[in-house]
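Analysis of the macromolecular model
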2 protein chains.
Amino acid sequence: MKDYIIHHEWKIIEEGFRPEYNRISESIFSIGNGNMGQRANFEEHYSGDSLRGAYIAGIYYPDKTRVGWWKNGYPEYFAKIINSTNWIGIRVLVNGQELDLATVKILSFRRELNMRHGLLSRLFRVEFSNGNQVEVESERFLSIADREVGAIKYSVKALNFSGEISVTPYLDGDVFNEDSNYDEKFWVEIHKEIQKNEGYVTLETRKTKFQVCTGMFFRSFKNGENIAIPPQNKIQPKFISAGQVVPVKEGDTLTVEKYASTVTSLNYPVKKLQGFAAKAIQRAAEKRFDGLFAEHKQKWLNEWKFSDIKIEGDVAAQQGIRFNIFQLKQSYSGEDERFNIGPKGFTGEKYGGVTYWDTEAYCLPFYLSTASGEISKNLLLYRYKHLPKAIENAKNLGFANQAALYPMVTINGEECHNEWEITFEEIHRNGAIAYAVYNYVNYTGNKEYLAPYGFEVLLGISRFWSQRVNWSEEKKKYVILGVTGPNEYENNVNNNFHTNYMAVWTLKYTLGVIRYVKVEFPYLFEELIRKWKFNELKETGKWKDIIDHMYFPFDGEKQLYLQQDGFLDKELLPVSKLPKSDLPINQKWSWDRILRSPYIKQADTLQSMFWFENEFTKDELKRHFDFYEPLTVHESSLSPCIHSILAAKIGYLEKSYQMYLRTARLDLDDYNNDTDDGLHITSMGGTWMAIVMGFGGLRVVNDKLILNPFIPGKWKSYTFRVDFRGAHLCFEIKKDQLIITNFSAVSVPLVVWGDEYVLNKKSKQEFIKEIIE
Amino acid sequence: MKDYIIHHEWKIIEEGFRPEYNRISESIFSIGNGNMGQRANFEEHYSGDSLRGAYIAGIYYPDKTRVGWWKNGYPEYFAKIINSTNWIGIRVLVNGQELDLATVKILSFRRELNMRHGLLSRLFRVEFSNGNQVEVESERFLSIADREVGAIKYSVKALNFSGEISVTPYLDGDVFNEDSNYDEKFWVEIHKEIQKNEGYVTLETRKTKFQVCTGMFFRSFKNGENIAIPPQNKIQPKFISAGQVVPVKEGDTLTVEKYASTVTSLNYPVKKLQGFAAKAIQRAAEKRFDGLFAEHKQKWLNEWKFSDIKIEGDVAAQQGIRFNIFQLKQSYSGEDERFNIGPKGFTGEKYGGVTYWDTEAYCLPFYLSTASGEISKNLLLYRYKHLPKAIENAKNLGFANQAALYPMVTINGEECHNEWEITFEEIHRNGAIAYAVYNYVNYTGNKEYLAPYGFEVLLGISRFWSQRVNWSEEKKKYVILGVTGPNEYENNVNNNFHTNYMAVWTLKYTLGVIRYVKVEFPYLFEELIRKWKFNELKETGKWKDIIDHMYFPFDGEKQLYLQQDGFLDKELLPVSKLPKSDLPINQKWSWDRILRSPYIKQADTLQSMFWFENEFTKDELKRHFDFYEPLTVHESSLSPCIHSILAAKIGYLEKSYQMYLRTARLDLDDYNNDTDDGLHITSMGGTWMAIVMGFGGLRVVNDKLILNPFIPGKWKSYTFRVDFRGAHLCFEIKKDQLIITNFSAVSVPLVVWGDEYVLNKKSKQEFIKEIIE
């Protein structure tokens, strides 16, 4: 755990430069606009330790799989959103000496990410070996108002000398990924050109043949006046630059405004790419940095208006939750259903920037509540469009009749992951994708989604489950053998409770959806039956038999559902009894020791109890929480939020807050020592859930909003906003008091602390928890 | 399955050249002398598909591990016995045209491996594009009389032309391994030189720094007369050659006798390597090809005298068993306790030429019975010397108190394998290594081995088991969680019967050994107690508790020990009911499907029933065989032999013979489509066991030899020989008749078909099975 980020309500601030934390800061101070992301690498040259990264949504390379021992069914490649053209680069020489924070003497350094406005800035003073001192101020953003554009304002002031300063804005496409499996470079050059202060580099990815054109344009000023010196252009492989050597006197300030545009063959014909990159550059150049920033900032203010969470009385918590919301919004705009949310967003190479079940399980609720329904629908459509690939995937593994198994990791619907215990066995993901359909329909009330889209996804998944079970003559029950649950510290187990539960739930839900579509959309239903060769009677008959006879591992004495068969054979020592030096076990223990231990990486049995809390009594929830929580090591970033919400549900309020703390500042404090790899973007959705669903107790049941808020002891108040079926609502929770404002033109029925109300349109109402009798 | 090898009692014969089978033939026709092995690559240049391979015992490279996803505890490298200097090369040009079987027209081709004499030969006629025809005859062997020496006699006859033939013997160390993880070359050049017809290449392995000097010397003759033309020498990186261009007339025969020597820094100081290589060359040159061959052949005749198995009435079976014995003897001479037996011997790159539990489980019995006791003792000492590494290995995985876990795969005692489910979990290997100690002592009667060596190995292994179990509160028994049994089609299972059984057996046996050493070697025992900080009372107390309370999965209704917990939950469809097109499942099914199926790769529960047959009733053995055999796919070469022996034991004689057939000609007929990779050397020990222990029913119980022979229906008779405690015995089995010859000066007590006898020294006795009453 680190503690170097200065606490502030709206800003992330680093004072003083710590080269040893540079990769961490590069992750934390990342900027993005859903279309593209950029780690907080420096504009000027930096020879110290750094992970350079600029990533473009949807632009990936299928990196040939690397395995020790091949297993039948492994995918051929791992898709990776790859590092692309360095668009931020501005080389600076001061009297011939390179400005490089790894070699100069740093007199002061401040880095700041203004989350309210979406602006990254730096201000630093350095001294060169010859005694020359400069002050540098840089600002940059990736516009969310014009998502093809990024802008930089970079100023160098001569503090104590006269002489010359050279500035050289450039584009460099000769980049690599640190995680390239075979040390390949992924880009080939298509075209490059530069004239004066405007240039373009067009590259193509190997194999996938995506083309990306990056454009740049810059203006330079001395003390605010245009610099007339004609730039010297340079061209190298995949590289263009334009340099100016400017004479300066002590006190002079040299400023470069650099605009970059990024356009891709996903959106434009390759022949016109550079034309469109030039158009974006033109737009930017006309608005100038300040104009571009003004519209960008205005959009951010608007985003915050609808999705901010305000916490009073705890600046660290406030900074934490805003950072999570900010980074989620930077990673995914939801405007393009071809894209999704990588576990690290655009902040690093790990997990390849591609899609996991994280999206459905941890991110969807955030987008359901804070963005228009279209955005969550796009997340669902992403999977709908991949259905043919999920069917192909299942077929490759030996399933028939258009059963669908969604991949564990994917960008285009094909499986990318290659550990058998995950790839082939972590099949609960298929349940999470079915659950997302339910979650979307339940929250939005948009049942119509089921007919043209949801039904088919559910049918494919149900067919998978119905083939994946087998009948145990021994148990006279259906069993599911050889799986890995969400807890990846158990592999190839039999009858994982969560997996069996998801299977049965999916079958039940699909039966209901079939009834609905059949009644409401009879013609479409006929069409779907033909398309899917769906033998309703026979197939649903089998499903019902499975629903009625599924086996769940259960201990009668303890009245406990067991995580899997044989779980009670383990030595059930609570985590708190382990020597501190043994934690985290995934770094300290051999893999086999982890596997035979009872320790749980992330919510597993409790994951289904969270999703289906209404199917269990509070006593049951408590009993299972009391059993599993002490055995849970939370070594996945996705774990504490679920425990936090469950703890709140069963009244363990202090525990709920403790668990929340483990997620809220995970990256800001580098809690797991891995933020250098990138931020835990998808777990940020979980942090949001912990506040809104945990502390706020927000649910949607039978088309009604339910609230059961409490406030953590340390806080004065907290305020969150949600969109619900056309209404925009703001909830402010104080001690024993809930103030709800309905900003919209519709009245909203809701349940607060167990009592039913109707919240009138355009009104504010106060609810009091304690009744004085 | 292929069927192109011509059946012959003593020879392996290929008539006609099949380039598509070339890699298979290169494996089958391999020669070796325990110190070195050479695939049947051609002496002359060959541009067709080929796996070149010359391997030297103990000379390995630690190839950096390649994994998809790293797990704590994985080894850094995989040790590989590597392809080394090509010593067989003789380039041939006929009137300027390259002799290359991939480009010339082949008129006739015969390849022959004379197993009786240990000689590989070829005879072929080819025609060049210009119509020139030559006949080539080549003979080569790696001497088992002088294991540093190989010799080649290579003749080219001009059949229909006059002109010139150029022959260029060479040494080429610029070789590579196909299975190099990172496409590296493993050798660097130290020195090379050539003068006239004698030259040397000295290379060093990267990282491990082994040095190998290869020398060559040749003489050439035209129609038997020395050729006086001075050779033209050439030197290239890691390469030397000496060429002669010889004018020939139609009918002339050009002959090259090439001798090569291979000496290594394992045996000599590096500075003197070339000197010793030169000495070996001198020895060879003095004896000439014929002299060298005469002593080599004599040694082979002698080997056969003591270890041949003769089968009358079935040439295919005769060829099969002799091939197995021949290749085993070629792979391991047993003279050097630093060496061991790789699963592919020196016949290919697969499995890296390093050591698996195969040695203890499948090879030891062969060497116990057919070679001097020293050889099997050397195999045991190999593990004894690796004990410190096994302790280190266990420590790395979290075990304490000098517990020992032998690696799954090793060359120097360190683990090489990197699949967690094998590396960390296939721990029954530790039991196999303990069992080998028992097996050796039981067979040889050499109990003294236990005090200085066996005790420590057993103590380390017993300590491992005592920590690897855990107490199940649920079962009130000790359990062993998270293992992989011999059946690698199950991973990470709980309470694998075989593993639990081996654990308990090891503890019991170790208790007995402790009593023995304590009583017989009290001073040594005291020393060992101090060395091992052995708390006898406490530690053996725990062991006894484990012995008394170990859990074994058992089904009361079926009266069956189960392969592991939950085995009866599977769909128990016999293999015979699977569509033929689904077999072999390891090529046709995805890995997850295999895992959740009931199909057994190789004897697992039946492995312990084989080893401990006396601890089960015949009914029990039958019941378990009847249950497990129909579920066994035998997709490991190590499987059928065990089933064959068990089948014989319980009286399933036809089944026993069927199982035998699957192992005897495995490589000759390329049964599993993988002989191109190399031969299944270690499974050849199993084939021998199937005849001697299966058909012959040979056992040693309470210091007595036991025989229960039967003869497969098709055979007229079979004869095998064993050494037993100083006696050399020959058993000839005919229908209902057993003739035993005791060639030695000691009388031997034995049990034949249940009756006790004493076999007098230097005598022959006939036993009749059927009693006429």
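The rules we used
Residues numbered from 1 in each chain as written. Chains lettered and ligands numbered in written order. Predicted model: local features only at pLDDT ≥ 70, side-chain atom pairs only at ≥ 80, totals over all residues. Heavy atoms only, no water. Contact = heavy atoms within 4.5 Å. Buried area = accessible area lost by both parts, 1.4 Å probe. Salt bridge = Lys/Arg side-chain N within 4 Å of Asp/Glu carboxyl O. Axes fitted to C-alpha atoms, helices over the stretch in contact; angles between N-to-C directions. Helix = DSSP H or I, 4+ residues; strand = E, 2+ residues; numbered from the N terminus. Parallel < 35°, antiparallel > 145°, perpendicular 65-115°, else oblique. Left-handed = near helix turned anticlockwise from the far one by under 90°. Nonpolar A, V, L, I, M, F, W, Y, C, P; charged D, E, K, R; others polar. Least-squares fit on C-alpha atoms with pLDDT ≥ 70 in both. 1 Å grid on protein atoms, 1.4 Å probe; cavity = no way out; pocket = protein on both sides within 12 Å on 5 of 7 lines; lining within 4 Å. Points joined across faces, edges and corners; volume = space filled by probe spheres on them. Pairing = 2+ DSSP bridges.

Counting from both sides, the interface comprises 46 residues of chain B and, opposite them, 46 residues of chain A. Counting the surface lost from both chain B and chain A, the interface buries some 4,000 Å², and carbon and sulfur atoms represent 48% of this. A per-residue breakdown of the area chain B buries against chain A is headed by B:W69, B:D569 and B:R596, which together make up 19% of the total. Viewed at the interface, chain A and chain B are joined by 6 salt bridges.

All names here are of chain A. Relative to each other, helix α9 (residues 454-468) and helix α10 (residues 497-520) sit at 140°, their axes nearing to 9 Å. The angle between α9 and α10 places the two elements in the oblique class. Both α9 and α10 take part in a crossing whose hand is left-handed. Touching F455, L458, L459, I461, S462 and W465 of α9 are T499, M502, A503, T506, L507, Y509, T510, V513, I514 and V517, all from α10. Looking at the contact of α9 with α10, its residues break down into 12 nonpolar, 4 polar and no charged.

Rotating chain B by 180° about the axis while translating it 0.1 Å along that axis superimposes it on chain A, leaving an RMSD of 0.1 Å. The operation mapping one copy onto its partner corresponds to a two-fold rotation axis. Among all C-alpha atoms of chain B, that of B:V67 lies closest to the rotation axis, at 2.4 Å. In this assembly, 100% of the residues forming the interface of chain B have copies in chain A that are likewise at the interface, indicating an isologous arrangement.

Here the focus is empty space enclosed by the protein. According to the stated counting rule, one finds 17 cavities of 30 Å³ or more in the structure shown. Space inside the largest cavity adds up to approximately 180 Å³. If you trace the largest cavity, you find 18 residues lining it, with A:Y74, A:N418, B:Y74, B:N418 and B:E419 closest to the centre. If you list the elements that add at least two residues to the lining of the largest cavity, you get α7 (420-423) of chain A together with α7 (420-423) of chain B. Residues belonging to the lining of the largest cavity are distributed by class as follows: 8 nonpolar, 4 polar and 6 charged. The volume enclosed by the second largest cavity comes to roughly 160 Å³. Here the lining of the second largest cavity takes 3 residues from strand β5 (residues 54-64) of chain B, the largest share from any one element. Partitioned by chemical class, the residues of the lining of the second largest cavity number 9 nonpolar, 8 polar and 1 charged.

Attention now moves to the sheet that holds strand β21 (residues 310-312) of chain B. Strand pairing in a sheet relies on backbone hydrogen bonds, with the paired strands running either antiparallel or parallel. All names here are of chain B. Strand order in this open sheet of 5 strands is β21-β28-β29-β30-β33, and the pairing throughout is antiparallel. With one partner strand each, in any of the chains shown, β21 and β33 (763-768) form the two edges of the open sheet. Going across the sheet, the axis of each strand differs from the next one's by a mean of 15°, ignoring polarity. Two strands pair when backbone bridges link them, and strand β28 (residues 717-724) and strand β29 (residues 727-734) are joined in this way by 8 bridges, in the antiparallel orientation. In the sheet register, R721 faces β29, and the bridge partner there is C730.

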